[in-house]
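Residue-level listing of the chains:
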Amino acid sequence: MTGLEPFGARLRRAMDERGPLCVGIDPHASLLSEWGLGDNVDGLERFSRTVVEAVADRVAVLKPQSAFFERFGSRGLAVLETTVREAREAGALVVMDAKRGDIGSTMAAYAEAFLHKDAPLFSDALTVSPYLGYGSLSPAVALARESGAGLFVLALTSNPEGGEVQHAVRADGRTVGATVLGHLALENAGEEPLGSFGAVVGATLGDLSSYDLDMGGPILAPGIGAQGAAPGDLPSVFGRAVRNVVPNVSRGVLRHGPETVALRDASERFADEIRAALTSA
Ligand SMILES: O=C(O)c1cc(=O)[nH]c(=O)n1[C@@H]1O[C@H](COP(=O)(O)O)[C@@H](O)[C@H]1O
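Residues numbered from 1 in each chain as written. Predicted model: local features only at pLDDT ≥ 70, side-chain atom pairs only at ≥ 80, totals over all residues. Heavy atoms only, no water.

Q: Mind laying out the pairing of strand β2 (residues 61-64), listing which residues take part and the relevant values?
A: Both faces of β2 are covered, namely the face carrying Val61 and Lys63 and the face carrying Leu62 and Pro64. Examined bridge by bridge, strand β1 (residues 22-25) and β2 share four bridges and lie parallel to one another. By the bridge assignment for β2, cysteine 22 is matched with valine 61. Strand direction decides the pairing type here: β2 and strand β3 (residues 93-100), joined by two bridges, are parallel. The partner of valine 61 across the bridge, within β3, is leucine 93. (Buried < 20%, exposed > 50% of the residue type's maximum accessible area, 1.4 Å probe, protein only. Helix = DSSP H or I, 4+ residues; strand = E, 2+ residues; numbered from the N terminus. Pairing = 2+ DSSP bridges.)

Q: If you had to explain the packing of aromatic side chains to someone new, which residues and values would you point to?
A: With the rule as written, the count across this model stands at two aromatic pairs. Aromatic pair phenylalanine 7 and phenylalanine 152: ring centres 6.0 Å apart, planes at 90 degrees, arrangement edge-to-face. Of this pair, phenylalanine 7 sits in helix α1 (residues 7-18) while phenylalanine 152 sits in strand β5 (residues 150-156), and the two are 145 residues apart along the sequence. Across the pair, phenylalanine 152 and phenylalanine 7 agree in class, each one buried. (Phe/Tyr/Trp six-rings, centres within 6.5 Å; stacked < 30°, edge-to-face > 60°.)

Q: Account for the environment of threonine 50, naming residues and giving values.
A: Mapping threonine 50 onto the fold places it in helix α3 (residues 41-55). In sequence terms threonine 50 and lysine 99 are 49 residues apart; their C-alpha atoms lie 24 Å from each other. Ignoring any residue separated from it by four or fewer positions in sequence, one finds threonine 50 in contact with Trp35, Pro258, Thr260 and Leu263. (Contact = heavy atoms within 4.5 Å.)

Q: Describe the pattern of salt bridges, and please don't skip the residues or the numbers.
A: Scanning all chains against the criterion turns up 20 salt bridges. The closest approach of N and O atoms between aspartate 39 and arginine 71, which form a salt bridge, is 2.5 Å. Within this pair, whereas aspartate 39 is found in the loop between α2 (29-34) and α3, its partner arginine 71 is found in the loop between α4 (67-70) and α5 (73-89), the two being separated by 32 residues in sequence. With a shortest N-O distance of 3.3 Å, aspartate 118 and lysine 117 are connected by a salt bridge. You can call lysine 117 partly exposed: its relative accessible area is 38%. Among the charged side chains, a salt-bridge network with shared partners connects Arg10, Arg88 and Asp124. (Salt bridge = Lys/Arg side-chain N within 4 Å of Asp/Glu carboxyl O.)

So, in structure tokens, the structure goes:
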């Protein structure tokens, strides 16, 4: 299979050209209602198309959250396919937020579903959970390499409950989260200008100086906006690794819909604040 240029290289270029913002496509039932749309497939379709029209030609990354599409069964998945295709056609990279994780042999099928270049839901990258053991992800790592796609592996998540697993200390004295970051550093070794195997690290987490976040790959940083973090927090949370951070905002942008112009303005405001925060870092 001839793959695309590696995801990390494509992402670095997109971040340099467009800035690093990732806008999430999270069609919550409450947002559909606020936008005057029905909580049905037509509403889902209108919502997703509007977000793509508003920002896919200007942000580096769009991140559809699969659960909100799965809610509507096969017709929701058809909307997800269209959303991914139209976002990519408009020049955005698509990170499919499906947070898959399973035993290795089943993980291979999840990888086929999202990372095989001929799959209907092929995406530039996929969020995955390493909490069945990092090694269980190896079929996804292998297929991502072959396709020129990437992974974002949950390392230190933005939710307060995540710490009970991720900050747990192993017998060798390292935390579970640090162990995941260590695996990613090995995957990305020697990859220039940026590896394709990223971590998810919440922007809400405050001081992370005890973690080595500089693991050669991108860091997807959710938590800005609705979960309380702000663009100005990025330099202090991520330190030197901030240059590789892809900050995600979902509800913080989406609540400004349904007008395309208002969505675009909200996204530009976040992009400007992020640029200002990174320049001062
Ligand atoms: O993998 C993710 O994207 C993710 C990881 C994490 O630690 N925290 C987190 O909020 N997310 C996702 O990021 C988005 C955040 O949405 P907002 O809180 O509305 O900006 C949601 O789609 C979450 O599922």
